[in-house]
Every structure is written in structure tokens, then in C-alpha cells.
Amino acid sequence: MSGYAIRLQELTKDYAVGFWRPSPVRALDGVSLDVQPGEVLGYLGPNGAGKTTTLKLLMQLVYPTSGRAEILGRPAGDVETRRRLGYLPELPYFYDNLTAEELLVYFGGLFGFSSADARRRASTLLDRAGLGAERRRQLRKYSKGMLQRVGIAQALVNDPEVVFLDEPMSGLDPVGRRDTRELIRSLGEEGRTIFFSSHILSDAEALCSRVAIVAQGRLAATGRLADLAFETKGWELVVTGTDDGALEALGLDTATTQVDGRYVIDLPVDRPPDQLLPELSRRGLRVVSLTPRRESLEDFFMRLVAHREETAS
Ligand SMILES: Nc1ncnc2c1ncn2[C@@H]1O[C@H](COP(=O)(O)OP(=O)(O)OP(=O)(O)O)[C@@H](O)[C@H]1O
Ligand SMILES: [Mg+2]
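Heads up: these notes are all about the structure in this document. From a predicted model like this one, the values you see are computed outputs, not experimental measurements.

Attention shifts here to the overall build of the protein. The helix and strand inventory of the protein stands at nine helices and 14 strands. Oriented by its inertia axes, the alpha-carbon framework of the protein measures out at about 70 × 60 × 45 Å. Per-residue burial for the protein yields a buried fraction of 35% across its 313 residues. Pairs at least 24 apart in sequence give 70% of the contacts found in the protein among residues at least 6 apart.

With that out of the way, let us pick up the nonpolar core. Counting 65 residues, the largest nonpolar core has Leu 41, Leu 104, Phe 164, Ile 194, Ile 213 and Val 214 as the members making the most contacts within it. Considering every element that reaches this core, the biggest residue donor is helix α5 (residues 144-155), with six residues. Once residues lying within four places of it in the same chain are set aside, the contact partners of Ile 194 are Val 40, Leu 41, Val 163, Leu 165, Ile 184, Leu 187 and Gly 188. Trp 235, Leu 252, Tyr 263 and Leu 276 belong to the second-largest nonpolar core, a separate cluster that totals 10 residues.

Not every one of the 14 residues close to ligand 1 is listed here, only the nearest: Tyr 15, Ala 27, Lys 51, Thr 52 and Thr 53. Looking at the shell around ligand 1, the elements with two or more residues in it are β1 (6-17), β2 (23-35) and α1 (51-58). The dominant element in the shell around ligand 1, judged by the number of residues it contributes, is α1, at three residues. Residues that form the shell around ligand 1 fall into these classes: five nonpolar, seven polar and two charged.

Going residue by residue along strand β6 (residues 85-88), you find Leu 85 and Tyr 87 tucked away on one face and Gly 86 and Leu 88 tucked away on the opposite face as well. As defined by bridge partners, β6 adjoins strand β7 (residues 162-166) across four bridges and the pair is classed as parallel. Counted as the bridge partner of Tyr 87 is Phe 164 from β7.

Inspection of the secondary structure assignment puts Leu 41 in strand β3 (residues 40-44). Between the C-alpha atom of Leu 41 and that of Arg 177, which follows or precedes it by 136 residues, the distance is 17 Å.

What the four strands build is an open sheet, ordered β2-β1-β4-β5; its pairing is antiparallel. Taken across any chain shown, the strands that pair with only one partner, and hence form the sheet edges, are β2 and β5 (74-75). In this sheet, β2 lies alongside β1 in antiparallel orientation, the contact comprising nine bridges. Among the inter-strand pairings, Leu 8 is bridged to a residue of β2, identified as Leu 33. Against the sheet, α1 contacts β1, β2 and β4 (66-71), and its axis sits at roughly 70° relative to β2.

The rules behind the values
Residues numbered from 1 in each chain as written. Chains lettered and ligands numbered in written order. Predicted model: local features only at pLDDT ≥ 70, side-chain atom pairs only at ≥ 80, totals over all residues. Helix = DSSP H or I, 4+ residues; strand = E, 2+ residues; numbered from the N terminus. Buried ≥ 20, exposed ≤ 12 C-beta atoms within 10 Å, placed from the backbone. Contact = placed C-beta atoms within 7 Å. Core = buried A, V, L, I, M, F, W, Y, C linked by C-beta atoms within 7 Å. Near = placed C-beta within 6 Å. Nonpolar A, V, L, I, M, F, W, Y, C, P; charged D, E, K, R; others polar. Pairing = 2+ DSSP bridges. Axes fitted to C-alpha atoms, helices over the stretch in contact; angles between N-to-C directions.

In C-alpha cells:
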């Protein structure tokens, strides 16, 4: 037993691409990563980074070219361990003539729950996933976001110790994203290990004890999100109660969009808002929102690579 909930060692995956003369394309390149029991790990990276490939390797839906993956101290694919895992695939597919309730009862049965227990569990999980009223509707009448919630409920049917979620927030509206974030947080508080992927940085904020950032098949960084040096590129400031003249007097860019009396102002990085905000309120402007504009995962990764090449030469 390694003591880790999840352990990746030099995990590498080549896909054969091309029909007549298949040649290998490296989707994952020597990724090593340890996840402690009870950790909520955000596995972040831009599109095509290798996130889904990593999860498929962990679920043994595909096999590694080299390296290994372990879950709960056993090689990925171990049958006994499988019962202690939950998995939300990237594109969950269900028999869509079933209702959400029927589907979950069915999965409960597969995991050996009695029909009364399976029904009770289904009900609890559907509540938890925020699918109260719609549970007796056929899945083919569900929206993408509702199906995503069913997928999350499905991943929890067997009360798993380790939960793998591939883009759990995709297809969800802002409320759905927040609900899902809260759900993942509560799963973590119950002591479960969570490994979830996302290409959106903010999904991991205020949720993950740690993130791993993967790009172009390689692990770029791991650590607490707050400790990773994402560059602030400036701020987006939205204000009301003003006009072009007043903004100009403040030295603010007036080439801004104005909708319903709201001005959206791009503050450059050399104009930090802390000095500006008191000035604004003195002049009777109201701040609607202030959001930092941070570099994307892609930019972060490119900068990291450039820095490494610089120090190497
Ligand atoms: N079955 C496959 N055959 C060939 N290439 C594949 C296959 N699956 C994935 N790839 C390639 O491997 C790389 C990693 O893909 P993967 O789906 O793991 O990325 P991802 O990080 O999940 O991206 P996304 O954010 O878009 O879901 C990509 O370049 C992709 O084109
Ligand atoms: Mg993916």
C-alpha cells in the first residue's frame, strides 16, 4: 500500500492516429502525481491538454503506453477497488427512455443495493444533485445541464471513497456551476477524495486544496492555486451613476462599452483599483463589480515553458 488515494507514475499515452499509416500521437507525457486521501484535486488544463486521457487511463477505458496508475494502493482497473470509485465521464450517455429515478435505482441494483435501499439512495442523490421535481421525467426530455447533474448523481450511487469527475461543470449555467461546486465541496468535507478536471481556472477557486495543471500532455505545475503565480492582467470594473466626462476627468479609458447606464472599464495592471475606488465613491459613482483579469491556463503554461527554456540556455 502506498498510502495515496491516487498515484500516477510517469504515465504516458500515445494514440495511433491515421487509418492507412497510423502514427503515434502523444496525448500524455510522463505525468507523475500523488493525491492524498481526502484531497479535492482540480486537474486543470486547456482543451486537448490530456485531462480526459488521464481519467480514462485511471478508469482503464484506455491502457497506458508506459508508466502506471494506482488507486487506493491497487493498480488501476482492479475489480475490488472499482466498487469504491465513482466516475463521471466527459460525455455521459444514458438509456434515455428511463427516468432519472429509474436510472439511479438501476445503478444501485448493479452495486448490490436492495431495491428499497436503491430507491432511498436514488431519492437522496437526486435531491443532492438538485433534480427534485424532474426525477420522474424521461432523460431524453432533459437539458444538457440536467443530464450533467444526473451524471454526477450516478457517480455517487455506490457511496464512493474516490470520485473522478471529468468536467463536472460543463454545460451548466452559473447557478448550476455554483451548485456543483458546493456539491463537490460537501463531498470533500465527507472525507472523499475528489479528482475533477476542468479547463476553467475559476472552477477550482475556493474549492480545491490543490490543483495540478496539465498542458500539451505534460504536468506544468502543482500546488495551492493561491501559491501558483498566475499573472493579473488588469481588472474589469463596472460602474453606474456616471458619464463620459466624469470618467475622462478620472483619467479612465472612455472607449468603453456602455449598457443600461453601466460602464465596463478595463483597468490596466498599472492602475490598481485600490486607489481608484475611494475616488470613485467621492464622486458619487457606484461600483457594480470588480473582477481581476487573470492570464488563461494556456498563457500560464506558455510562460512557464518560455521561462524554463530561458533558464536552460
Ligand atoms: N482516441 C483518440 N485518438 C487519437 N487522439 C486522441 C484520442 N483521444 C484524445 N486524443 C488526443 O489526445 C490529446 C489529449 O486529449 P484529451 O481528450 O485527453 O484532452 P482534454 O484535456 O480532455 O481536452 P478537453 O478540455 O477538450 O476535454 C488531444 O490532442 C487529442 O486530440
Ligand atoms: Mg476532456
